[in-house]
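Given next are the chains, with one letter for each unit.
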Amino acid sequence: MNRSERLGRLADIVIERSVVSIDELVSILHVSGATIRRDLDALAKQQLITRTRGGARANASSGDLPLRYRASKHSDEKQALACHAVDLVLPGSTIALNGGTTMTEVALELGIRSDEDPEFARNPVTVVTNAVNIANDLTLRSNIRVVVTGGVARTRSYELVGPLAALILPHINIDLAFLAWMRLSLEMVSTPTMLKK
């Protein structure tokens, strides 16, 4: 079980039981107490749970976990890809993220990096996204500015789509864009893109 899967499982356990001790979590997840403490601290920092002496308890927002804490296929690969993507992000830059589990993983890694690297505090990153779950998660980060496109929300991906998004994008200068998609055809690649810098 990788860290992302463990955080998701840990959050589920806290919500399910309302209150849980570190010892209980160690026996359920078969990891060290130090690992559990770090993971609980990470979830508490995201305001998804409340840390208690010797454990954690669910809070009012715990029932609505971000997509990144839900199990997804190929999570190890997505986490590795996200780490590589975030290595390309410079403090002070403006990046674009669309929706989906891979981009959600990129947002998670970017949030962690922005908290750990003091350069991001001096020069916050701006994230332009059409994914409401990513915007929600990154809004909690003080070293990241979030710009959300307009549009109608898609149920499966949490992405805002439609003509409202097309109105705002020409007015935003983006340094780096990370885009995920389900399929790509040769016809799509050879067609000129709608977005121009």
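Shown above is the structure to which this text applies.
Now for a description of the structure that goes with this document. What you see is a predicted model; the values in this text were computed from it and never measured.

## Overview of the overall build of the protein
Counting its secondary structure elements, the protein contains nine helices and nine strands. Taking all contacts inside the protein whose residues are at least 6 apart in sequence as the whole, residues at least 24 apart take part in 60%. Total accessible area on the protein is roughly 11500 Å²; 56% of this is exposed by carbon and sulfur atoms.

## Observations concerning the nonpolar core
Judged by nonpolar contacts, the single largest core of 18 residues is most densely connected at Ile-95, Leu-97, Leu-110 and Val-127. Looking at this core, the elements with two or more residues in it are α4 (75-87), β4 (94-97), α5 (101-116), β5 (125-129) and α7 (132-139). No other element matches the four residues that α5 contributes to this core. Counting 15 residues, the second largest nonpolar core, distinct from the first, contains Leu-7, Leu-10, Leu-29 and Ala-56.

## Focus on the environment of Val-19
As for its position among the elements, Val-19 is in strand β1 (residues 19-21). The exposure class of Val-19 is exposed, given its relative accessible area of 54%. Residues Val-19 and Ile-49, spaced 30 residues apart in sequence, show a C-alpha to C-alpha distance of 9.9 Å. Those residues in contact with Val-19 that lie beyond four places of it in its chain are Val-14, Ala-56 and Arg-57.

How each quantity is defined
- Residues numbered from 1 in each chain as written.
- Predicted model: local features only at pLDDT ≥ 70, side-chain atom pairs only at ≥ 80, totals over all residues.
- Heavy atoms only, no water.
- Helix = DSSP H or I, 4+ residues; strand = E, 2+ residues; numbered from the N terminus.
- Contact = heavy atoms within 4.5 Å.
- Areas by Shrake-Rupley, 256 points an atom, 1.4 Å probe, with all protein chains shown as cover.
- Core = buried A, V, L, I, M, F, W, Y, C linked by side-chain atoms within 4.5 Å.
- Buried < 20%, exposed > 50% of the residue type's maximum accessible area, 1.4 Å probe, protein only.

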